Amino acid sequence: MIQRSPGTTRRRFLTGAGALAASAALPAPLRAAARAGIPHWDLSPGPISRQLAGPEYGESTLWAYNASIPGPIIRVDQGQPFRVRLTNGLSQATTLHCHGLRLRNAMDGVPGLTQSPTAPGETFDYEITAPDAGTFWYHPHYQSSEQVARGLYGLLIVDERDPLPVDREILLVVDDWRVTPQGLLDTDSFGSLGDRSHGGRFGNMLTVNGEIRPRFQLRRGERARVRMCNTANARPMTFAFPGHDVTLLALDGQPVAPEELLGAEIALAPGQRADLLLDCNGPDGSSAQIHEVSTGQAMLAAHLDYADTPLRERAPTSKLALPANPLPEPNPLDGHVIDLVMEGGAMGGMRQARYQGQMQSMRALADAGQFWAFNGEIGTLGTSLGTVALGRTVHLTIHNDTAFAHAMHLHGHHFRVIARNGQSVRAEPWRDTELVPRGERLTLAFVADNPGKWALHCHMLEHAASGMMAHFEVV
Ligand code: C2O
Ligand code: CU
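Residues numbered from 1 in each chain as written. Chains lettered and ligands numbered in written order. Predicted model: local features only at pLDDT ≥ 70, side-chain atom pairs only at ≥ 80, totals over all residues. Heavy atoms only, no water.

1. As for the pattern of salt bridges
Where charged atoms from two side chains of opposite charge come close, those side chains can pair.
(1) Moving on: In the structure shown here, the tally under the stated rule is 27 salt bridges.
(2) Moving on: Between Arg-75 and Glu-169 there is a salt bridge, with the nearest N and O atoms lying 2.7 Å from each other. Residue Arg-75 is found in strand β7 (residues 74-77), and its partner Glu-169 is found in strand β13 (residues 168-177); the two are separated by 94 residues along the sequence.
(3) Moving on: By relative accessible area, Arg-75 is classed as partly exposed at 26%.
(4) Moving on: With relative accessibility at 32%, the residue Glu-169 sits in the partly exposed group. (Salt bridge = Lys/Arg side-chain N within 4 Å of Asp/Glu carboxyl O. Helix = DSSP H or I, 4+ residues; strand = E, 2+ residues; numbered from the N terminus. Buried < 20%, exposed > 50% of the residue type's maximum accessible area, 1.4 Å probe, protein only.)

Here's what the structure looks like:
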């Protein structure tokens, strides 16, 4: 029996064999229409009706970009300017945020900070150039705890100038849905105070590319590049490729020194991505699996089906590495210091915090649906962590004084962790989202090289909606 435990209650994983789409292949990259020579995508979020949990279940109203979950893949070349026109087909406002791209601040899609929300029926044109190659994603940044949970997300791939010589690419966009016993999207629990004050909206049904346990075809002797993204609202997940050799190539879009993954496992907090090299050396005609193992019980996520005839005897063993992106290296010894003390939540012991200009008791805050504080204040986009001079290294220390881990996401920059609990650490990878364990203190360093107002928040979207949101300004 496959089970998973959201929080403390154990719920059965739905056994529906259905799928949102017919095959494990994601929709082909939406053909970029060239306007004035610039690749152009039209994205329109809107409602669709789907049998989320399989053909034996009823239809749920989901929200999708261009009627597809995940949305169309946006695929561009490194350094190539492109445009995305967002046309809002929802009955509420929205925006488009390209997660992990070091883009111009005005294109970051954060309502109330970089643009006003795009009303129903309106459009917004994003003009973007991605300086870094890698695996990124897009999603709304307006009421994202509901909009992302209803299906609004898609992959954004920026190709290296020289493509990696692999035989196949496998895209794994994973999501964790909360469905009712009837197999419908659980909409009653949107805004749940329990989710907000605890670990966020954990689901009970896993999809990969919008499908339940999809099948991927491959051949013995192939080398596959796997691009993974955790789009879940709140669940940190760990994926295992039993019986396979897997090499880590990149995290959050940024190349790392290739490293074989111990136990062939990769952990992804909400918002995080990984690029992997998968050596396909299973027997011809066999079927292997990808498991999600974060709960301690292996849950089947996808099948890897080997064809009867191999491509080669064995996958090549030559080393492959991705070229580094042009990131400015922060000074580990000297930086503009920002301290961010995170408090609150269930079992957190926070008594009071400032909210809407006033000190309020935890009780009053809970009544307002607010649970978490940044530096003693219920964090919102208006919460400022100050101003940083353009080009200056920032040392941002996040103190997690809560009983939960938080997936902290920095907009417009990638950072390295330079200290854990006051001890310096060396050679940590670039990231745009980092899981800060409960009770721990992490110092992140980055060069504030991009002018504008940048959001910093927990990517557990219910936490972001109830106090874990702030910004700083680079001038
Ligand atoms: Cu992927 Cu501010 O978010
Ligand atoms: Cu959080």
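2. Observations regarding the environment of Gln-370
(1) Moving on: Within the secondary structure layout, Gln-370 lies in the loop between α3 (362-367) and β27 (372-374).
(2) Moving on: The exposure class of Gln-370 is buried, given its relative accessible area of 9%.
(3) Moving on: Between the C-alpha atom of Gln-370 and that of Ser-294, which follows or precedes it by 76 residues, the distance is 28 Å.
(4) Moving on: Apart from the residues within four sequence positions on either side, Gln-370 is in contact with Arg-196, Tyr-355, Leu-365, Ile-378, Ala-465, Ser-466 and Gly-467.
(5) Moving on: Separated by 3.4 Å, the side chain of Gln-370 and the backbone nitrogen of Gly-467 make a polar contact. (Contact = heavy atoms within 4.5 Å. Polar contact = N/O pair within 3.5 Å; in protein donor to acceptor, adjacent residues only side chain to side chain.)

3. Concerning the coordination of the copper ion (ligand 2)
Around a metal, the perfect tetrahedron of four donors has angles of 109.5 degrees, and the perfect octahedron of six donors has angles of 90 or 180 degrees.
(1) Moving on: The copper ion (ligand 2) binds to the protein through His-406 (ND1), Cys-458 (SG) and His-463 (ND1), with metal-donor distances spanning 2.0 to 2.1 Å.
(2) Moving on: Donor residues binding the copper ion (ligand 2) come from one chain and are separated in sequence as H-x51-C-x4-H. Placement of the pair is His-406 in strand β31 (residues 406-410) and His-463 in helix α4 (residues 461-464), with a sequence separation of 57 residues. Considered together, His-406 and His-463 belong to a single accessibility category, that of buried residues. (Donors = N, O, S within 2.8 Å, 3.2 Å for Na, K, Ca; no water.)

4. Notes on the sheet that holds β13
(1) Moving on: Reading across from one edge, β14-β13-β16-β21-β18-β19 is the order of the six strands in this open sheet, with mixed pairing throughout. The sheet terminates laterally at β14 (205-208) and β19 (254-260), the two strands that pair on one side only. Each adjacent strand pair in this sheet contributes to an overall mean axis angle of 25°, direction not counted.
(2) Moving on: As paired strands, β13 and β14 are joined by four bridges and run antiparallel to one another. What sits directly across from Val-174, in β14, is Val-208. (Pairing = 2+ DSSP bridges. Axes fitted to C-alpha atoms, helices over the stretch in contact; angles between N-to-C directions.)

5. Comments concerning the environment of Thr-207
(1) Moving on: Tracing the chain through its elements places Thr-207 in strand β14.
(2) Moving on: The exposure class assigned to Thr-207 is buried, which follows from its relative accessible area of 0%.
(3) Moving on: Residues Thr-207 and Trp-177, 30 residues apart in the sequence, show an inter-C-alpha distance of 7.6 Å.
(4) Moving on: Not counting residues within four places of it along the chain, the set of residues in contact with Thr-207 comprises Tyr-153, Val-173, Val-174, Asp-175, Trp-177 and Ile-212.
(5) Moving on: Of note is the side chain of Thr-207, whose polar atom sits 2.8 Å from the side chain of Trp-177.

6. Comments concerning the sheet that holds strand β17 (residues 237-240)
As a general point, the strands of a sheet are linked pairwise by backbone hydrogen bonds and lie either parallel or antiparallel.
(1) Moving on: The five strands are arranged β15-β23-β22-β17-β20 in an open sheet whose pairing can be described as mixed. Bordering the open sheet on either side are β15 (215-218) and β20 (265-268), each of which pairs with just one other strand. On average, each strand axis in the sheet is inclined to that of its neighbour by 25°, with strand direction left out of account.

7. Focus on unusual backbone geometry
(1) Moving on: Following Ile-69, the chain continues to Pro-70 via a peptide bond in cis, the omega torsion being -5°.
(2) Moving on: Position of Pro-70 relative to the elements: it lies in the loop between β6 (60-65) and β7.
(3) Moving on: Of note, Met-347 is a non-glycine position whose phi angle comes to about 60°, a positive value.
(4) Moving on: One can find Met-347 in the loop between β24 (336-344) and β25 (352-355).
(5) Moving on: With phi around 50°, Asn-375 is a residue other than glycine that occupies positive phi space.
(6) Moving on: For Asn-375, the location among the structural elements is in the loop between β27 and β28 (377-378).
(7) Moving on: For Asn-375, a relative accessible area of 40% gives the class partly exposed.

Without other data, these values stay purely geometric and don't point to any function.
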